[in-house]
Amino acid sequence: MQRPMKNLLTAQEAVTRWMEALLPLFEEKLAWPACATSWKQFAAGTVEDLQDKNTALVETDGHKGLRAYVKASSKLWTDAPQQL
């Protein structure tokens, strides 16, 4: 959508044009993969995993909690998971 314009667009006009240009990307109907679980099954599996204390909890230097998801965001992150 690069072309000369006589007047600068306002922020609102620019966002409107941007959204109109992007809309076709989101109109495609995608099929759910046959091998995928449902969200209900996914949520149930997550709850089950979080209730397994040997997998979900870790203790490091006296701090006990869920293993962090972002590197270096928690003292617990550096502790290696227990090997089965």
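Scroll up for the structure.
All of the points below concern the structure found in this document.

Quick notes on the rules
Residues numbered from 1 in each chain as written. Predicted model: local features only at pLDDT ≥ 70, side-chain atom pairs only at ≥ 80, totals over all residues. Heavy atoms only, no water. Helix = DSSP H or I, 4+ residues; strand = E, 2+ residues; numbered from the N terminus. Buried < 20%, exposed > 50% of the residue type's maximum accessible area, 1.4 Å probe, protein only. Areas by Shrake-Rupley, 256 points an atom, 1.4 Å probe, with all protein chains shown as cover. Pairing = 2+ DSSP bridges. Patch = residues over 30% accessible without salt bridge, like charges linked within 9 Å, V, L, I, M, F, W, Y side chains within 5 Å. Salt bridge = Lys/Arg side-chain N within 4 Å of Asp/Glu carboxyl O.

### Here we look at the overall build of the protein chain
So, step 1. Scanning the protein chain from N- to C-terminus turns up 3 helices and 2 strands.
So, step 2. For the protein chain, the N- to C-terminal ordering of α and β elements is α-α-α-β-β.
So, step 3. Looking at the protein chain as a whole, 7% of its 84 residues qualify as buried.
So, step 4. Summing over all exposed atoms, the protein chain offers an accessible surface of approximately 8200 Å²; the carbon and sulfur share of this is 60%.

### Describing the pairing of strand E2 (residues 63–66)
Consecutive side chains of a regular strand alternate in pointing toward one face of the sheet and then the other.
So, step 1. Here strand E1 (residues 57–60) runs beside E2; their pairing, made up of 4 bridges, is antiparallel. In the strand pairing of E2, Thr60 is matched with His63.
So, step 2. Linking E1 to E2, which pair antiparallel, is a turn of 2 residues; within it Asp61 sits at a positive phi near 50 degrees.

### With respect to a nonpolar patch on the surface
So, step 1. On the surface, Val15, Trp18 and Met19 cluster together into a nonpolar patch covering about 310 Å² of accessible area.
So, step 2. Inspection of the secondary structure assignment puts Met19 in helix H1 (residues 11–26).

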